[in-house]
Amino acid sequence: MSLPSAQTLWASLPVPAILIDAEDRLIDLNPSAEHFLNTSEKMLRGQPIFDRLAIDAPLEQVFARVRANHSTLYINEVDVGTGDRAPVICNLQAAPLTGTEGAILLLISPREFADRIGRGQGMKTAARSAIGMAEMLAHEIKNPLAGITGAAQLLSMNLAAEDVELADLIVEESRRIVKLLEQVEQFGNLRPPERKAVNIHDVLDRARKSALLGFASHMTVLEDYDPSLPATLGDADQLLQVVLNLLKNAAEAAGGTPGTIRIHTFYDLSLRLRRADGGGTPLPLQIEITDDGPGIPPEIAGDIFDPFVSGRENGTGLGLALVSKIVADHQGWITADSVPGRTTFRLSLPVAPKSQEAN
Ligand SMILES: Nc1ncnc2c1ncn2[C@@H]1O[C@H](COP(=O)(O)OP(=O)(O)OP(=O)(O)O)[C@@H](O)[C@H]1O
Ligand SMILES: [Mg+2]
């Protein structure tokens, strides 16, 4: 079949899409956007977008950044309202329009279906009960396993040399199972975070040093920090676990060959997390961990934050599930973006209130 025209593509796009010129006026919207805004393209053409759309986010700043950096920005969970309709929670994407200076393509995904298609971090109910089941099993398996290990060790004292090897194998493999079970149990034991003002760069430094001494010794880890970032409100030990897990995955993705990990921190006010009670927490502290490995296997990309989803031979698939849980407990947000040669995990965290900072 021949490729459809740009016009056909534009009309078929199932996501509300709006084109905005350099002066923030609406130049075009696709049928899906007409439907979403409950108005026609003719009514809106040439109008300033801020007159027609009420968006609960600093959109002017977002557009300015998109134009200045020529890069796409994501704004999650914002209210989008029109004059005559109740606001709907949406995820927005603002991308510079290639070839037209200052023009922006704005995609609006209403949350109901943003959740369905997005790589949301929230743990699905089935996954949560799988963890509960595994925790129970872990507890039950550990005792008999300790018995097996002990018996194998006793046996090996009286065995001929060639059989000792076999007994050692039992002990070693049992240890591997115990380690896996302990990881599962970590979930159950994960206490609610003790949140204090934490300098995120201290956490990153600790993680980086320990990674370079251990699992990431074959990697170069670059720091690109904004030293003026204010403190976050978090549990330093749990945040360390998060960063270590992300660094470990990045190092493992390189598969033993030298690779580069970049840790980038910056301030970005455009992201807000909407809470169940209707309030919104701004999440301006951004930590990005980017590696130049092969990327997340596409077939699991939508599920990597679920437990037991792994693309590695010896992976348990619990690393990112734990990350996701800790981040959610911190009222933060984590997203992944991956193409071969560039995989970025972006962690967004709230700022500690001023009264906390003296601690
Ligand atoms: N930086 C990355 N590059 C490529 N793939 C990644 C990256 N981070 C995660 N993944 C993919 O996501 C999967 C899930 O990661 P997760 O940390 O949850 O589990 P795991 O690393 O397989 O096992 P565990 O962390 O429990 O040892 C990985 O197996 C890998 O396929
Ligand atoms: Mg992992």
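(A) Structural detail: the site of ligand 1. The environment of ligand 1 is made up of 23 residues, and the closest members are Asp291, Ser310, Gly311, Thr316 and Leu320. Side-chain polar atom of serine 310 to an oxygen atom of ligand 1: 2.6 Å apart, as the coordinates give it. At 3.0 Å, a side-chain N or O of arginine 312 approaches an oxygen atom of ligand 1. Contact with the protein chains removes 95% of the 600 Å² of surface that ligand 1 exposes when unbound. Taken together, the elements giving at least two residues each to the shell around ligand 1 come down to α10 (236-253), α11 (319-329) and β15 (342-349).

(B) Structural context of the packing of aromatic side chains. Within this structure, the stated rule accounts for two aromatic pairs. Ring centres of phenylalanine 50 and phenylalanine 63 lie 6.0 Å apart, and the angle between their planes is 35°; this geometry places the pair in the tilted category. Of this pair, phenylalanine 50 sits in helix α4 (residues 49-52) while phenylalanine 63 is found in helix α5 (residues 59-69), placing the two residues 13 residues apart along the sequence. Phenylalanine 50 sits in the partly exposed class, given a relative accessible area of 31%. According to the relative accessible area criterion, phenylalanine 63 is buried, its value standing at 0%. When the ring of phenylalanine 305 is compared with that of phenylalanine 345, the centres are 6.3 Å apart and the planes differ by 80°; the resulting orientation is edge-to-face. You can see phenylalanine 305 sitting in the loop between β13 (285-291) and α11 and its partner phenylalanine 345 sitting in strand β15, a full 40 residues away along the chain. Note on accessibility: phenylalanine 305 and phenylalanine 345 belong to one class, buried.

(C) Quick look at the nonpolar core. One finds Ile200, Leu247, Ile287, Ile289, Ile304, Ile334 and Phe345 to be the most contacted residues of the largest nonpolar core, which totals 49 residues. Considering each element in turn, this core owes the most residues, eight residues, to α10. Counting 27 residues, the second largest nonpolar core, distinct from the first, contains Ile18, Ile20, Leu29 and Leu44.

(D) Region of the structure containing the confidence of the model for the protein chain. Of the residues in the protein chain, 92% have a pLDDT of 70 or more, and the chain-wide mean is 86. Overall, residues 113-121 carries pLDDT values under 50, and its contacts beyond four positions in sequence, including any with other chains, amount to 16 contacts.

(E) Layout of the side chain of glutamine 238. Here glutamine 238 lies in helix α10. Classification of glutamine 238 by relative accessible area gives buried; the value is 2%. When near neighbours in sequence (up to four residues on either side) are disregarded, glutamine 238 contacts Leu190, Arg191, Pro192, Pro193, Ile326 and His330.

What counts as what
Residues numbered from 1 in each chain as written. Chains lettered and ligands numbered in written order. Predicted model: local features only at pLDDT ≥ 70, side-chain atom pairs only at ≥ 80, totals over all residues. Heavy atoms only, no water. Near = heavy atom within 4 Å. Polar contact = N/O pair within 3.5 Å; in protein donor to acceptor, adjacent residues only side chain to side chain. Areas by Shrake-Rupley, 256 points an atom, 1.4 Å probe, with all protein chains shown as cover. Helix = DSSP H or I, 4+ residues; strand = E, 2+ residues; numbered from the N terminus. Phe/Tyr/Trp six-rings, centres within 6.5 Å; stacked < 30°, edge-to-face > 60°. Buried < 20%, exposed > 50% of the residue type's maximum accessible area, 1.4 Å probe, protein only. Core = buried A, V, L, I, M, F, W, Y, C linked by side-chain atoms within 4.5 Å. pLDDT = per-residue confidence, 0-100. Contact = heavy atoms within 4.5 Å.

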